[in-house]
Amino acid sequence: MTGGAAVHDPTVVAPRLDRWSVARLVWAVWVGPAVWMLHLAGTSALVPAACEHGISWSINVATVLTALLCATGIPAAWGLHRHEGGVGFVAWIALVSTVASVVLIVAEGAPNLVLGPCP
């Protein structure tokens, strides 16, 4: 066939991901937004206890722990970004999403270093 039309060759098989790579891709896609939401809900739930009992450090610890957990998605996505086709694209989206989630967690936690939890 000529004229630039693509021909499907059934003997050419796209590279498949092994189970470990699929698990890493799923982790990279979901860890960022999920942990960010966990941080948002968890630190909001800690505010009354932190104010009442004077344990505002618990909010800072929650911020550090969720940021570290969220950051585990970065190497998972980075290791898969060079795959061909849709896997590489999804890995890039996961990388951007996870980095953005880490930045959001740190940005949400930064005022707690200066401001107290009590109104």
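A short tour of the structure in this document, coming up. (Residues numbered from 1 in each chain as written. Predicted model: local features only at pLDDT ≥ 70, side-chain atom pairs only at ≥ 80, totals over all residues. Heavy atoms only, no water.)

This next bit is on the packing of helix H1 (residues 19-53) against helix H4 (residues 86-109). Put simply, H1 and H4 touch, their axes get as near as 8 Å, and they point 20 degrees apart. Between H1 and H4, the angle is such that the two are roughly parallel. Taken as a pair, H1 and H4 cross one another with a handedness that is left-handed. Packed against H1, whose contacting residues are Leu25, Ala28, Val29, Val31, Gly32, Pro33, Val35, Trp36, His39 and Leu40, the element H4 presents Val87, Val90, Ala91, Ala94, Ser97, Thr98, Ser101, Leu104, Ile105, Glu108 and Gly109 at the interface. Residues that form the contact of H1 with H4 fall into these classes: 14 nonpolar, six polar and one charged. (Axes fitted to C-alpha atoms, helices over the stretch in contact; angles between N-to-C directions. Helix = DSSP H or I, 4+ residues; strand = E, 2+ residues; numbered from the N terminus. Parallel < 35°, antiparallel > 145°, perpendicular 65-115°, else oblique. Left-handed = near helix turned anticlockwise from the far one by under 90°. Contact = heavy atoms within 4.5 Å. Nonpolar A, V, L, I, M, F, W, Y, C, P; charged D, E, K, R; others polar.)

Attention now moves to the nonpolar core. Val31, Val35, Ala67, Cys70, Val102 and Ile105 form the largest nonpolar core, which has six residues in total. Looking at this core, the elements that each hand over two or more residues are H1, helix H2 (57-71) and H4. Leave out the neighbours within four places in its chain, and Ala67 touches Val102, Ile105 and Val106. Counting five residues, the second largest nonpolar core, distinct from the first, contains Ala28, Ala76, Ala94 and Leu95. (Core = buried A, V, L, I, M, F, W, Y, C linked by side-chain atoms within 4.5 Å. Buried < 20%, exposed > 50% of the residue type's maximum accessible area, 1.4 Å probe, protein only.)

To continue, consider the side chain of His39. Following the sequence through the fold, His39 ends up in helix H1. Setting aside residues no more than four positions away along its own chain, His39 makes contact with Ala62, Thr63, Thr66, Ile105, Glu108 and Gly109.

A few words now on H2. With 15 residues, H2 should cover 21 Å at 1.5 Å per step; its first-to-last C-alpha distance of 21 Å lies within 8% of that length. Looking at H2, one finds that the buried residues are Ser58, Ile59, Ala62, Thr63, Thr66, Ala67 and Cys70. With its buried residues spanning 165 degrees around the axis, H2 presents them on a single face. The exposed residues of H2 that point more than 90 degrees off its buried face are Trp57, Leu65 and Leu68. (Expected span 1.5 Å × (residues − 1). Arc of directions from axis to C-beta.)

Okay, the environment of Val103 next. Relative to the elements of secondary structure, Val103 occurs in helix H4. Looking at Val103, the relative accessible area reads 52%, which means it is exposed.

With that out of the way, let us pick up H4. Between its first and last C-alpha, H4 extends 34 Å over 24 residues, near the 34 Å set by a 1.5 Å rise per residue. The set of residues buried in H4 consists of Gly88, Ala91, Ala94, Leu95, Thr98, Ser101, Val102, Ile105 and Gly109.

In the structure shown here, the tally under the stated rule is one aromatic pair. Measuring from centroid to centroid gives 6.0 Å for Trp78 and Trp92, while their planes differ by 80 degrees, and the two rings are edge-to-face. With a gap of 14 residues between them, Trp78 in helix H3 (residues 73-78) and Trp92 in helix H4 connect regions that are remote in the sequence. Residue Trp78 is classed as partly exposed on the basis of its relative accessible area of 46%. (Phe/Tyr/Trp six-rings, centres within 6.5 Å; stacked < 30°, edge-to-face > 60°.)

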